[in-house]
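Coordinates in review
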Amino acid sequence: MRAVASLAFIAVVACGNATPQTRPAEASPPSEVARPPAQAASRQAVNDSLTRSRHSAIVEAAARVAPAVVSVNVVRRERRIARSAWDLFFVPRGYERLVEGMGSGFLVTDDGVIITNQHVTAGAERIVVTMRDGTDADAELLGQDPLTDIAVLKIEGTNLPTAPLGSSRDLLIGEWVVAIGNPYGYLLGNSEPSVTAGVVSAVGRNLLPGGEDSRVYVRMIQTDAAINPGNSGGPLVNALGEVVGVNASIFTESGGSVGIGFAIPIERALRVAQELQAHGTVRRAWVGLDVAGMTDTRDWKRRGGVPVTDVAPGGPAARVGIRAGDVLVRASDYRLHTFLDWEAVKLDVGPGDRLHVTYERSGRERTVTLAVEELPTSVAEKLTVLGDVQLVTVTAAIRQERSLRQEHGVLVYDVGEATQRNTGLRPGDVIFQINRERITTAEEARAAFRSAAGRGAVRVYLERGGTLGFTDFRIR
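The rules behind these values
- Residues numbered from 1 in each chain as written.
- Predicted model: local features only at pLDDT ≥ 70, side-chain atom pairs only at ≥ 80, totals over all residues.
- Heavy atoms only, no water.
- Helix = DSSP H or I, 4+ residues; strand = E, 2+ residues; numbered from the N terminus.
- Buried < 20%, exposed > 50% of the residue type's maximum accessible area, 1.4 Å probe, protein only.
- Contact = heavy atoms within 4.5 Å.
- Areas by Shrake-Rupley, 256 points an atom, 1.4 Å probe, with all protein chains shown as cover.
- Core = buried A, V, L, I, M, F, W, Y, C linked by side-chain atoms within 4.5 Å.
- Phe/Tyr/Trp six-rings, centres within 6.5 Å; stacked < 30°, edge-to-face > 60°.
- Arc of directions from axis to C-beta.
- Salt bridge = Lys/Arg side-chain N within 4 Å of Asp/Glu carboxyl O.
- Patch = residues over 30% accessible without salt bridge, like charges linked within 9 Å, V, L, I, M, F, W, Y side chains within 5 Å.
- Lys, Arg positive; Asp, Glu negative; His and termini not counted.
- Charge placed at Lys NZ, Arg CZ, Asp CG, Glu CD.
- Polar contact = N/O pair within 3.5 Å; in protein donor to acceptor, adjacent residues only side chain to side chain.
- Pairing = 2+ DSSP bridges.

Tallying secondary structure elements over the chain gives 13 helices and 28 strands in all. Every one of the 476 residues in the chain was classed for burial, and the buried ones make up 42%. Looking at the chain alone, contacts between residues at least 24 apart form 61% of all its contacts between residues at least 6 apart. For the chain, the computed accessible surface area is about 25800 Å², with 50% contributed by carbon and sulfur atoms.

Before going further, it helps to examine the nonpolar core. Residues Phe106, Leu107, Val129 and Ile155 are the most contacted members of the largest nonpolar core, which totals 42 residues. Ranked by residue count, the leading element in this core is helix H6 (residues 266–279), at 5 residues. One finds Ala331, Leu336, Ala344 and Tyr359 within the second-largest nonpolar core, a separate group that totals 26 residues.

Before going further, it helps to spend a moment on the environment of Glu60. Assignment of secondary structure puts Glu60 in helix H3 (residues 57–65). A relative accessible area of 43% places Glu60 in the partly exposed class. The sequence separation of Glu60 and Gly241 amounts to 181 residues, and the corresponding C-alpha distance is 7.0 Å.

The next subject is the packing of aromatic side chains. Under the defined criterion, the tally for this structure stands at 2 aromatic pairs. Here the aromatic rings of Phe449 and Phe473 are separated by 6.2 Å at their centres, their planes lie at 40°, and the arrangement is tilted. Of this pair, Phe449 sits in helix H13 (residues 442–452) while Phe473 sits in strand S28 (residues 467–474); the two residues are 24 residues apart in sequence, bridging distant segments of the chain. Each member of the pair, Phe449 as well as Phe473, is classed as buried. For the pair Tyr461 and Phe470, a centre-to-centre distance of 6.1 Å together with 55° between the ring planes defines the contact as tilted.

Moving on, we come to H13. Structurally, the α-helix is built with 3.6 residues per turn, so residues lying three or four positions apart point the same way. Inspection of H13 places Ala442, Ala445, Ala448, Phe449 and Ala452 among the buried residues, and these make up the whole buried set. Angularly, the buried residues of H13 cover 120° about the axis, an arc narrow enough to put them on a single face. Backbone geometry just after H13 places Gly454 at a positive phi near 75°.

Right, let's get into unusual backbone geometry. For Ser332, which is not a glycine, the phi torsion comes out positive at approximately 55°. In this structure, Ser332 sits in the loop between strand S17 (327–331) and strand S18 (334–335). Although it is not a glycine, Ser403 sits at a positive phi angle of roughly 55°. Classification of Ser403 as partly exposed rests on a relative accessible area of 44%.

Turning next to the environment of Glu443. In this structure, Glu443 sits in helix H13. On the accessibility criterion, Glu443 (45% relative accessible area) is partly exposed. Along the primary structure Glu443 and Leu383 are separated by 60 residues, whereas in three dimensions their C-alpha atoms are 7.6 Å apart. Apart from the residues within four sequence positions on either side, Glu443 is in contact with Leu383 and Thr393.

A separate point is H3. Regarding H3, the residues found buried are Ala61, Ala62 and Val65. The buried residues of H3 occupy an angular sector of 95° when projected down its axis, which confines them to one face.

So, on to the pattern of salt bridges. Counting across every chain of the model gives 13 salt bridges. The salt bridge involving Asp348 is made with Arg268; its shortest N-O contact spans 2.7 Å. Linking Asp348 in the loop between helix H9 (339–347) and strand S19 (354–361) with Arg268 in helix H6, this pair joins segments that are 80 residues apart in sequence. Connected through salt bridges with shared partners, the residues Arg219, Arg268 and Asp348 form a single ionic network.

Once that is clear, we can look at a negative patch on the surface. Residues Asp110, Asp111, Glu140 and Glu156 make up a contiguous surface patch of negative charge. Exposure remark for Glu140: the relative accessible area of 49% places this residue in the partly exposed category.

On to the side chain of Asp429. Take Asp429: it is sitting in the loop between helix H12 (417–423) and strand S25 (430–434). Within the structure, the side chain of Asp429 is placed 2.7 Å from the backbone nitrogen of Arg426, a separation counted as a polar contact. If we ignore the near neighbours within four places in the chain, the residues touching Asp429 are Val410, Leu411, Val412, Gly424, Leu462, Glu463 and Arg464.

Now for the pairing of strand S23 (residues 389–393). Walk down a regular strand and you will see the side chains alternate between the two sheet faces. Examined bridge by bridge, strand S22 (residues 383–385) and S23 share 3 bridges and lie antiparallel to one another. Within the sheet, the bridge partner assigned to Thr384 lies in S23 and is Gln390. Linkage of S22 to S23, two consecutive antiparallel strands, is achieved through a turn of 3 residues, within which Leu386 is found at a positive phi near 55°. As paired elements, S23 and strand S24 (residues 410–414) share 4 bridges and run antiparallel to each other. Within S24, the residue paired with Thr393 across the bridge is Val410.

Turning next to the environment of Ala68. Following the sequence through the fold, Ala68 ends up in the loop between H3 and strand S1 (69–79). For the pair Ala68 and Thr109, spaced 41 residues apart in the sequence, the C-alpha separation amounts to 9.6 Å. In this structure Ala68 touches Gly105, Phe106, Leu107, Pro161, Thr162 and Ala163, once residues within four positions along its chain are discounted.

A word on the pairing of strand S7 (residues 150–154). A large share of S7 lies buried, amounting to 5 of its 5 residues. On S7, burial covers both faces: Ile150, Val152 and Lys154 on one face and Ala151 and Leu153 on the other are all buried. By the bridge criterion, 5 bridges tie strand S6 (residues 140–145) to S7 in an arrangement that is antiparallel. The residue bridging Gly143 from the neighbouring strand is Val152, located in S7. What sits between S6 and S7 in their antiparallel hairpin is a turn of 4 residues, with Asp149 showing a positive phi close to 65°.

See the structure below:
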C-alpha cells in the first residue's frame, strides 16, 4: 500500500503541471486515491517505529551469537544387557550397537575450538559438527571433564565466527537471557539453531547429586528459557549478545522443558576448557580439609557455615592453623551455607591459586589465605600391577582427600574395563589385605599378587564407598 499511495501522489502532482490531454482522464480506483502528505508521512513514521521495535534486544543478541552455534552429532557404541530371561533368547551375550546422539556447542576461537557438554560427547566414537550453513566437519575431542560436564572439540578452519563471551558474575535476577541450540535437531531438516527467551530465575543454584551421577552442578544459573533435549552444550546469552553460561540440564518429569533449566557459568567453562587444552585433564584443587556432608536442610538455614571434620597433617589448611571443629563461613567472597557451597568454591580454583577463607572458632572469626595445591592422588607415584591396575600408597593426605576409613592400604587409582570385569576391582577401591597378608604399600600389593599367581583364587579385602568387602579372582 505504501508504494501504490506514493505513485498516486506523484501522478496527482504531475497532472497539475502537464499539458491537457485530448481524451478525458480515467477515474482512479478507490485503493489508489492519493493520501494527503501529512497522513502519508504519519503512516510512514508508524511503520518505521514498528520496524525498529521488532529489532529488540533479544533479536540483536540472538543474531550476534547464532552464527557461532553448532550442532554436535555423535556416534557411540552401546552395550545392551539382557534384563530378563526372555531377553536372553534375543540378546546375544556382549551384544553392542551403534547409537546416534545430538547436542549443541559454540565456537570460542576462530580456528575451530568448540565448547560443549561432556554428557554430549561421552563414549563417542565419532563426532561430526554441523555449522549454521549446513557444512559438516569431523571434530577432534581435545578433552572432557565429567565432573564439571564440559568438553572441548576442535575442527579445522580459519576465520570462523566466534561467540562473544561475557560474565555471569553480575547477572541480575529477572534480566532477559536467550538459550540457543538445536533441540530435537534430528527431527529437523536444517541446521539453523533455534532461540528461546526467558529470564534469569536464580543464580548460585546448587543441585544435589543423584544416584551414580559423577557430575557436580553447583553455583549454576537457573533460567526459564526453554531448554530441551539437543540444547545441551549450547550458549546461554544475555541481552548484550554475550555468552554467560553453557546450557546443561533441566528439571523435568516428561523429558521436555517445564521452565526450570540450568547453565554452567561461562567462567567455569572457560577455565576447564583451558585446563583440558593445556593438560588433557583438569587438575583438581586440594586445600587439605574435609567438611560435613549432607544434613537436614533446615539445619543448614538455621546454623549457616560448614563444619570442618578432618584436616590433613602438613596440608595447606593445617599450615594456616585450621583445625577439625572449626566452621567455614566464607570463601572467595561467597557465603557458605552447605557443603555444596564449599564444593563450588573448590571447583572454580586450581593448583597455584590462593583462596581467602573465613572460619569461626569459639565465636570468633578468623580470615586466612590457603595455597591451593593439586590433589595428592594426582601427583602421587603410581605402580602398575595385573596389567593395567594403577595403585597408589595411601598417605594421610590421600586419606583425607578421599575421606577413607582405612588408615593404611593402597588406592586403586585406575583400572581398565576388562580388568574390572575379571577382578571386580573399581577405581577408588582401597586394598588393605590380600589373602592373609596385610597391605600398607603399593610395593607390598605387587609382591602379594605375584606370589598368588597360579595358586588358585586370590581374595582381596577392600574398602569401597566407606563399606568393607572383598572380591575373589584368579591370577594366571
